[in-house]
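Each chain, letter by letter, is given below.
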2 protein chains.
Amino acid sequence: MRWSELESADCPIARALSILGDRWTLMIVRDCFFGVHRFEAFQANLGISRTILRDRLAHLVQAGILVQRPYQDRPVRYDYVLSAKGKALNGVMLMLGEWGRTAVDGQPETQIRHRHQTCGHVLTPYVACAACGEEVVAKDVRAVRAA
Amino acid sequence: MRWSELESADCPIARALSILGDRWTLMIVRDCFFGVHRFEAFQANLGISRTILRDRLAHLVQAGILVQRPYQDRPVRYDYVLSAKGKALNGVMLMLGEWGRTAVDGQPETQIRHRHQTCGHVLTPYVACAACGEEVVAKDVRAVRAA
DNA sequence: TTAAGTGCATTTAGTTTATGGACTGACTAT
DNA sequence: ATAGTCAGTCCATAAACTAAATGCACTTAA
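Everything in this summary refers to the structure shown in the same document.

Rules and cut-offs
- Residues numbered from 1 in each chain as written.
- Chains lettered and ligands numbered in written order.
- Predicted model: local features only at pLDDT ≥ 70, side-chain atom pairs only at ≥ 80, totals over all residues.
- Heavy atoms only, no water.
- Axes fitted to C-alpha atoms, helices over the stretch in contact; angles between N-to-C directions.
- Helix = DSSP H or I, 4+ residues; strand = E, 2+ residues; numbered from the N terminus.
- Parallel < 35°, antiparallel > 145°, perpendicular 65-115°, else oblique.
- Contact = heavy atoms within 4.5 Å.
- Nonpolar A, V, L, I, M, F, W, Y, C, P; charged D, E, K, R; others polar.
- Near = heavy atom within 4 Å.
- Polar contact = N/O pair within 3.5 Å; in protein donor to acceptor, adjacent residues only side chain to side chain.
- Phe/Tyr/Trp six-rings, centres within 6.5 Å; stacked < 30°, edge-to-face > 60°.
- Lys NZ or Arg CZ within 6 Å of the ring centre and 35° of its normal.
- Least-squares fit on C-alpha atoms with pLDDT ≥ 70 in both.
- 1 Å grid on protein atoms, 1.4 Å probe; cavity = no way out; pocket = protein on both sides within 12 Å on 5 of 7 lines; lining within 4 Å.
- Points joined across faces, edges and corners; volume = space filled by probe spheres on them.
- Buried < 20%, exposed > 50% of the residue type's maximum accessible area, 1.4 Å probe, protein only.

### Side note on the packing of helix α6 (residues 90–103) of chain A against helix α1 (residues 12–20) of chain B
Alright, step 1. At their nearest, the axes of α6 of chain A and α1 of chain B sit 7 Å apart, and the two run at 85° to each other. As far as their axial angle goes, α1 of chain B and α6 of chain A are roughly perpendicular. On the side of α6 of chain A, the interface is formed by M93, L96, G97, W99, G100 and R101 of chain A, while α1 of chain B contributes P12, I13, R15, A16, L17, I19 and L20 of chain B.
Alright, step 2. Split into classes, the residues belonging to the contact of α6 of chain A with α1 of chain B amount to 9 nonpolar, 2 polar and 2 charged.

### Let's talk about the protein's contact with DNA strand D
Alright, step 1. Around DNA strand D, the structure places 20 residues, and the nearest of them are E40, R50 and R77 of chain A together with R56 and R74 of chain B.
Alright, step 2. Backbone atoms, meaning sugar and phosphate, form 70% of the atoms of DNA strand D found within 4 Å of the protein.
Alright, step 3. Within the side chain of S49 of chain B, one N or O atom sits 3.2 Å away from a phosphate oxygen of DNA strand D.
Alright, step 4. At the level of elements, α3 (39–46), α4 (50–62) and β2 (77–82) of chain A together with α4 (50–62) of chain B are the ones that each hand at least two residues to the surface near DNA strand D.
Alright, step 5. Each residue belonging to the surface near DNA strand D can be placed in one class, and the counts come to 7 nonpolar, 3 polar and 10 charged.

### Here's the deal with the packing of aromatic side chains
Alright, step 1. Applying the stated criterion across every chain, the model contains 0 aromatic pairs over all chains.
Alright, step 2. Looking at R38 of chain A, its charged tip hangs above the ring of Y71 of chain A, at a distance of 3.7 Å from the centre.

### Some words on the relation of the copies chain B and chain A
Alright, step 1. Between chain B and chain A, which share one sequence, the superposing operator has a rotation angle of 180° and an axial displacement of 0.0 Å; the RMSD is 0.1 Å. What the rotation and shift describe, once combined, is the action of a two-fold rotation axis.
Alright, step 2. When the interface residues of chain B are mapped onto chain A, 100% of them are again interface residues, pointing to one common binding face.

### A few points about empty space enclosed by the protein
Alright, step 1. In this structure the tally under the stated criterion is 2 cavities of 30 Å³ or more.
Alright, step 2. Estimated volume of the largest cavity: approximately 130 Å³.
Alright, step 3. G97, E98, I112, R113 and H114 of chain B are the residues nearest the centre of the largest cavity, which is lined by 14 residues in total.
Alright, step 4. Elements with a contribution of two residues or more to the lining of the largest cavity: α1 (12–20) of chain A together with α6 (90–103) and β3 (112–116) of chain B.

### Some remarks on helix α2 (residues 25–33) of chain B
Residues and elements named next belong to chain B.
Alright, step 1. The buried fraction of α2 is high, at 8 of 9 residues.
Alright, step 2. Of all the residues in α2, the buried ones are T25, L26, M27, I28, V29, R30, D31 and C32.
Alright, step 3. The first or second residue beyond α2 is G35, which carries a positive phi of 95°.

Encoded structure:
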């Protein structure tokens, strides 16, 4: 199966991964959440090859996750900022970071975390159910077809 | 930069993606959450080439996300089940699915969702803060270095 | 006791994608 | 003039992926 065939899959995870599931795309999105917006900054930060960066940015723009914004004329230059659809990835990024922090070995003392501005604490994120507000754990969910 | 160099990055997202950030790994993990455990089942389900499947399963085992469990002798055959570290990816998968469902176009009527067994509702997951219990939105978090 | 089937692993060859470095073009600042 | 900045392109090489075939250790049915 070719990867591109996943786009039309029934499964929302498959469709999400058809956009995000390669080696660099989510790293670029992460940088956007950290305030990186320009081509040269992504390139310097990630060490990605320029060809791939061009390609990935174009895909992210086409997917509606990033939008290009002109920041100067003569010559006109664009930077890349998260759209609403891109900002909606916040939850994914937080949970991915939390998994990386707690499940993957590393030097905890040098790790980046987040502060939750509204309560002032260092953030430990978890997934909750909108209906009951309780934490959702793997054993309590069952796949169903939507009505 | 070579992808493998990310493993030792300070950022937990980078470290998570050094394990999960390729085209098939998270699809395999998704299948595990849906109860798929055997080589032939992954292969039939995903249409992935056997060579890559072998490689990805080996990586997932080596990363401690899946564990091999013998399910027969003569010849001994193993299937693959999620370890605790793998089950910890539940939150990532739920948020990824929610993003795919709400942000990526598709036919909503055929989409798979989850039921939250403890309250009985179809699950709409969101990320909450362990300290205050409130929903965490992008504008309320700021990156900090951990103490 | 052959024949067909299961559940993989391995090999091969061809295609696709990624990489790193040099390069271009439009400007600005000195 | 000269150098620098910035987004982006081009190209040769390297790596990753695919599909299909083959091998192997067994089991079950004929």
